[in-house]
Each structure stands twice: as structure tokens, then as C-alpha cells.
Amino acid sequence: MMTQEIVILGAGYAGVQVAKRLAKQYKNDDSISITLIDRHSYHTMMTGLHEVAADRVKPDAIQYDLRKLFNRTKVNLVTDTVTDIDHKQQIVVTDDGEYPFDYLVIGMGSEPDDLGIPGVREHTLSLWSKEDAIKLKHHIEETVKKASVVHDKKTRQKMLTFAVCGSGFTGVELVGELLEWKNRLAYDHKISPESITLYIIERDPSILKFLDPKDSTKAETYLLKKGVKILKESPIVEVTGDEIHLESGEVIPTCTPIWAGGIKANNFAKSFNMNKGPSGRIEVNQYLESTSHEHVYVAGDLAYFEEKPNQPNPRNAESAKQMGKTIAKNITASINETKKIAHQHSNRGAIVSIGSRYGVANLMGFHLSGWFAMVFKHLMNLFYLLSIGSGYYTFKYVEREFFYTTDKRNIFRDFFNRYGNALWAVPLRIYLGLFWLVEGASKLWGESVWTEATSTLSNVGLLFRGLGEDSWLISSTVQMDTSWLQFTFLPSNEMAMFVQRMMIFVEIGFGLFLILGLLTSLVSTLSALLILGFAFTQTLEWDQLWALPASIALLNGAGHTAGLDYWFVPFIQRLLGQWWYGKEKAIYKDK
Ligand SMILES: Cc1cc2nc3c(=O)[nH]c(=O)nc-3n(C[C@H](O)[C@H](O)[C@H](O)COP(=O)(O)OP(=O)(O)OC[C@H]3O[C@@H](n4cnc5c(N)ncnc54)[C@H](O)[C@@H]3O)c2cc1C
């Protein structure tokens, strides 16, 4: 049987979307092979780069390993840099190999465009990859550190001026994060936050011009209120090592010019010999197929498609995802020899974050600002992760964005912060463990023996004389109060006897696990559920109710301190992770 090769270049928003959809479509079809090639072994959540650059989240928060995203699918992963496409032979050429294709999808994104302005390429920093974000973060940290001990006022001011050139998503979201980070930077280096100046320099009369004027004005007002200097209608004519020159003649002294002024097609696409549109983007027809090459589709920032005259596809994540969906459908149509569909962009609006707790949004005509806009931004990101089928990264996103941020850089401020000392919960963990142990032991020995044996120290020996007649283990009658339970869940006496015996081991097990600090979160959850169960079945004493909040309190990872979870949890996570997702690698070379 002839295999049809679908090769996808770039694991960005567009590429991942196509690969996911086709993998699902052809799950059980051995005649279709899908290969996804990216220069990285991970998918970069570009829309979170500013959070890394300004130290809100760690770099791995926006780096999603491709093996984890495509576990248990038929997608072959290749980590390699694409250098050329031989259209005649239908082969993709990479640094380290060649890949034949029947259908090709190019989703290699874009890169910063210096717009021909002298000095931009040489002297500015950009924010278009994880590496850029890390570099920018280190540069800012280092510059503030050095500036804090500089005596000359002018030099110091220049070092503490951060100028973002451009006011699209990248520029404004970055400034928003820097606004929050500057307080921490100032505190750490013992300078005043006011000594750090942030600029947005924009060529056009308004910032965020892809938004409704109403929303962009709100964003501007917020930024101005927070002290950001916004220079509009200020085209940049030159950037030098420590100055930005504007057309008006004004000069902004800064050691950190950050370029977010424009993007163009990925440079590698230059050599692809395909019909091009403006900014080097590859021109596609309504099916998102190259206007010069059949069976070659282009999606995302790299594609140039005018759905209506002079209205090209927007270069944003939402548009890339939508194009990915259309391409997956059209490749399927092509394979099945059915009718392809014309791409229709659906404008669902945009959400721009300005720091962690403020944003502006236009969601299909519904305008939001402030905290609610940020809630929607998180929901949108979570929805994206769920849509690409990544439960793992959805969980990680929640963990990193809501539980592991500092300095209140979180929509919930630091109320949910997990950075804390679990040491103080250890006595509670042991106490709750003892509670369950005593509960279980009294059922095992029977109330009569247990009460007597534990009444004084000298009676403890009674425990070695055997179990009492009322022991839940050997008693032939049901000891527990089952009036309510029996009616609902335990239809027969045998079932009630079985549950009664099991309860002994469950309670003793809870006790031992909690005392040892083993699987503490899991056991605490079960403990809370059991207490709730007792409460609902009216078998809980009032003086036992404390065990419910205590169980909930122990969900804070109390087993990691003075407990076996310190070793066991990372071990089991590694083991299960490798079994389910496979081993993470820096280079994937499937097949
Ligand atoms: C800071 C910032 C904030 C943003 N915020 C938003 C936002 O809030 N909302 C929004 O909608 N958009 C936002 N954007 C824009 C959005 O990120 C892009 O429009 C989107 O990433 C484009 O998707 P894509 O699939 O075309 O390309 P990308 O996501 O850029 O993916 C391209 C992929 O191709 C790979 N690649 C490139 N060259 C090669 C090669 N030669 N060989 C192999 N692989 C290669 C790359 O490694 C990458 O994985 C933001 C962008 C930035 C930088």
C-alpha cells in the first residue's frame, strides 16, 4: 500500500493545529503518515513571551514539549531546521536530512522586521522567541544592577530607561509586565521605582491600533496613569548603541531599546521559491494553498491571504489556529477527492494584557477591561490548551499562573500562592494520621478492648491478648450504624459486613500514610471525602468534624516536609510521565 506523506513545517499555533486534527482524522489509517518538523523540541506559547521576559513566569511555562503534546498519536516528530524545499522532487531539506512529501504545510511564523531603519538590527533587543525573552530578562536585570551603583546621574538615567518601540500586542504586553516587574527590580537593587522609566514609541497616532479606539484609549489611559511615557506619531529614524532618534529630532537616551515595531516573514521562506505577498509572506488562495504550488499549504503569520481586497489575514494566534483548521479539512478533502472549503476568518476579537491583573478586550463586540479581561485571557489560554488535547499542560498552566507567581503578579494576587513553608503543617499531618490510626485500631480490636487497653499505660498489654467480640473484623453482626447507609448504598447484610471490614484497613491505611507523609495530597483528599461521607450518613460525631478542615489544609504538600513524598512524588511523576508521554528529548527524530 502506498503511503501518503503529510509534512508540516513549524510547530507553532498553526502547525500544531494541523497536526492534531490530521492525527485524529487518520488515527487508524496506515496509508497516511504525518511528520511535524520544528527547530525546537517544543511548542512555544508565543503569547506568553512577555511574561518570561519580565520574570512573571519561568521559561518552561511557555515551552510545551512536543512529545507530551503528541503522545500516543501517529505524528512523527523531527527536531531540525528547515533550510529549503525542493518542489520538483517534493522534498523538504533540513540541516540534517530530507523529507519527501505529498502534502506540505508551512507554518514557520515570522520574525522581527527592522523596516530598514538604521541601527535597529544591530542595537535593539527583540521578543520573538523563548531565547529572546530570556536574553531580554537577563539584560534588564544586569542593567538595573549595574545602574544602581552608577554615580553619574545622566548615565544612570540612561541605563534605567527602557524603551519599547512599537505598540502592538508584543510592545504593549511587554511594557505592562515591565511596569509590574520594576517594583521588584527597584526593591532588589535598593533604588526607587520612580527612577525606572518606561517608554512606548509609536509611529502611528494611536497605540494598539488593531483594537477598537474605545479599548485602545482605555489601555493608553491606564498606561499613562501608571507613569509610562507614550510617544505617538513619533517615527524612529535611527537607533544607536545608547540612543533612539525620532523624526522630530527628539533623542531618547537608553541602553535598552526593545524592537516590537514590525514583523516580516520567516527569513528561511525567502529561498522557498514561491509566490510572495507583502513582507515576504507566502501568497495563498482561498483554500490556503500556495498560489504557485499545488498541495503546498501555508498558515499563520507566514501566509498572505486576502479574504477581501486589501484585508490580509491578521498575524495573530487566533488567525493561525483558524487557518490550521481549514488546512486540515482541505488536505482531507484533497485525499478524499472531495470539494475543498474556502477559508473564512472569524474575528473573535482580541485580549491584550497589561501586566497580570489588567487587560482590555473586545470579544465579538463585547468590551471588557481590567480584571475581567484578564480572567477571559486566562480562559482563552486554557481553552487553547484543552483544544490541543493537553490535559498535562492545562494543569501546569493553572499551577504556574495561579499558584507559583510572586509579588502579587496574579489575578488572585498572592492569595493562592504555593510558595510557603509546609513545615508548620507537619504536626497537623501527624495528628490527623493518629486520629485515623486510633479510629481504625478501635474498630479492629473492638470498642470494649480498645477502651480498656488505652485507659492507662499498664493496660496496653491487653491489646496482645486478641481482638474483642465487638471487633469489626471478626464480629458476625454489623457494628456500624447503617440505618441511612443501608437504605441507600448497602442493599444486603453481606455488603455491609464487607464495607465494615474494609473500613478498618482504610482508616489504618490513612493513618499510616499520613504519619509517614506518603501520597499526602491523595490521602488528604480521600480523608476529606470520607469525613464528608460520614457527615452525610449521620455517623460523624461533632468532635470529629475538625478532621475535615484539617484534611483540606494538608493539601498544601505537607508530605514533602519530613515525609516520604519528598522522594516518592518526584519518582512516581517521572515514572508515570515517561510511561504515558515517553521520554522528553532535546532532539526528536522519529522514524
Ligand atoms: C510577546 C508576544 C505577545 C503576543 N500576544 C498575542 C496575543 O495575546 N494574542 C494573539 O492572538 N497573538 C499574539 N501574538 C502573536 C502570535 O504569537 C503569533 O501571531 C503566532 O505565534 C503565529 O503563529 P504561527 O503558527 O504562524 O507561528 P509561530 O507560533 O511563530 O510558530 C512558528 C514555528 O516555526 C518554527 N520554525 C521557524 N523557522 C523554522 C525553521 N527554519 N525550521 C524549523 N522550524 C522553524 C518555530 O520554531 C516555531 O515553532 C503575540 C506575539 C508575541 C511575540
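These figures come from a predicted structure and were not determined experimentally.

Analysis parameters
Residues numbered from 1 in each chain as written. Predicted model: local features only at pLDDT ≥ 70, side-chain atom pairs only at ≥ 80, totals over all residues. Heavy atoms only, no water. UniProt positions renumbered as here; feature names shortened; annotations may be inferred. Helix = DSSP H or I, 4+ residues; strand = E, 2+ residues; numbered from the N terminus. Domains from an automatic or database assignment. Buried area = accessible area lost by both parts, 1.4 Å probe. Salt bridge = Lys/Arg side-chain N within 4 Å of Asp/Glu carboxyl O. Buried < 20%, exposed > 50% of the residue type's maximum accessible area, 1.4 Å probe, protein only. Pairing = 2+ DSSP bridges. Core = buried A, V, L, I, M, F, W, Y, C linked by side-chain atoms within 4.5 Å. Contact = heavy atoms within 4.5 Å. Near = heavy atom within 4 Å. Polar contact = N/O pair within 3.5 Å; in protein donor to acceptor, adjacent residues only side chain to side chain. Areas by Shrake-Rupley, 256 points an atom, 1.4 Å probe, with all protein chains shown as cover. Nonpolar A, V, L, I, M, F, W, Y, C, P; charged D, E, K, R; others polar. Axes fitted to C-alpha atoms, helices over the stretch in contact; angles between N-to-C directions. Expected span 1.5 Å × (residues − 1).

Caption draft 1: Focus on the UniProt feature "transmembrane region" (unreviewed entry) in the protein chain. Taken from the UniProt record, the annotation "transmembrane region" (unreviewed entry) applies to residues 382-398, 502-534 and 546-569. Split by type, residues 382-398 is 82% helix and 0% strand. Its first and last C-alpha atoms lie 8 Å apart. The span residues 546-569 is 50% helical and 0% strand by assignment, and the distance between its end C-alpha atoms comes to 27 Å.

Caption draft 2: Summary view of the domain arrangement of the protein chain. According to the domain assignment, the protein chain contains domain 1 (4-110 + 265-348), domain 2 (120-261) and domain 3 (422-560). The centre of domain 1, based on its C-alpha atoms, is set 32 Å off from the matching centre of domain 2. Both faces combined, the contact of domain 1 with domain 2 buries some 1500 Å², and carbon together with sulfur accounts for 62% of it. Where domain 1 touches domain 2, the interface holds two salt bridges. The salt bridge partner of Arg56 is Glu177, with a shortest N-O separation of 2.6 Å.

Caption draft 3: The pairing of strand β9 (residues 103-106), seen in detail. Going residue by residue along β9, you find Tyr103 and Val105 tucked away on one face and Leu104 and Ile106 tucked away on the opposite face as well. Where strand β1 (residues 4-9) lies against β9, four bridges are found, and the strand directions are parallel. Looking at the pairing, Leu9 lines up with Ile106 of β9. Both β9 and strand β21 (residues 296-298) contribute to a ladder of three bridges, which runs parallel. Across the sheet, the residue bridging to Leu104 is Val296, located in β21.

Caption draft 4: Structural detail: the nonpolar core. In this structure, Leu9, Ile106 and Leu223 are the most contacted members of the largest nonpolar core, which totals 108 residues. In terms of residue count, the dominant contributor to this core is helix α7 (residues 169-188) (eight residues). In this structure, this core is formed jointly by two domains, domain 1 (4-110 + 265-348) and domain 2 (120-261), each of which donates at least three residues. If near-sequence neighbours (up to four positions away) are discounted, Leu223 is found in contact with Val172, Val175, Leu179, Ile200, Ile207, Val228, Ile230 and Ile354. Leu432, Val523, Ala528 and Ala550 belong to the second largest nonpolar core, which has 22 residues in total.

Caption draft 5: Up close: the site of the ligand. For the ligand, the set of nearby residues contains 34 residues, the closest of which are Asp38, Val82, Asn266, Ala317 and Lys377. Within the backbone of Tyr13, a nitrogen or oxygen atom sits 3.0 Å from an oxygen atom of the ligand. At a separation of 3.4 Å, an oxygen atom of the ligand approaches a polar backbone atom of Arg315. Its free accessible area being 1000 Å², the ligand has 96% of it covered by the protein chains. Only α1 (13-25), α2 (49-53), α7 and α9 (317-336) provide two or more residues apiece to the shell around the ligand. When grouped by side-chain class, the residues that make up the shell around the ligand number 14 nonpolar, twelve polar and eight charged.

Caption draft 6: Highlighting unusual backbone geometry. Backbone geometry places Arg72, a non-glycine residue, at a positive phi of 55°. Turning to its location among the elements, Arg72 is positioned in the loop between α3 (66-69) and β5 (75-79).

Caption draft 7: Representation of the sheet that holds strand β12 (residues 161-165) in the model. Pairing is parallel across the open sheet formed by five strands, whose spatial order is β11-β18-β12-β13-β14. Among the strands making up the open sheet, the edge pair consists of β11 (125-126) and β14 (229-231). As judged from the four bridges shared by β12 and strand β18 (residues 256-259), these two strands associate in the parallel manner. Each bridged residue has a counterpart across the sheet, and for Cys165 the counterpart in β18 is Trp259. Contacts between α7 and the sheet are confined to β12, β13 (197-201) and β18, with β13 contributing the most and set at about 170° to the helix.

Caption draft 8: Fine view of helix α12 (residues 426-445). The end-to-end C-alpha distance of α12, which contains 20 residues, comes to 28 Å, matching closely the 28 Å that a straight helix rising 1.5 Å per residue would cover. Among the residues of α12, Val426, Arg429, Leu432, Gly433, Phe435, Trp436, Glu439, Gly440, Ala441, Ser442, Lys443 and Leu444 are the ones counted as buried. Looking at the packing, one finds that the buried side of α12 touches α13 (447-453), α15 (493-516), α16 (520-536) and α17 (547-553). Positive phi appears at Gly446, one or two residues downstream of α12, with a value of about 95°.

Caption draft 9: Local environment of the environment of Glu399. Mapped onto the fold, Glu399 is located in helix α11 (residues 391-403). For Glu399, a relative accessible area of 21% puts it in the partly exposed group. Along the sequence, Glu399 and Phe416 sit 17 residues apart, while their C-alpha atoms lie 9.9 Å from each other.

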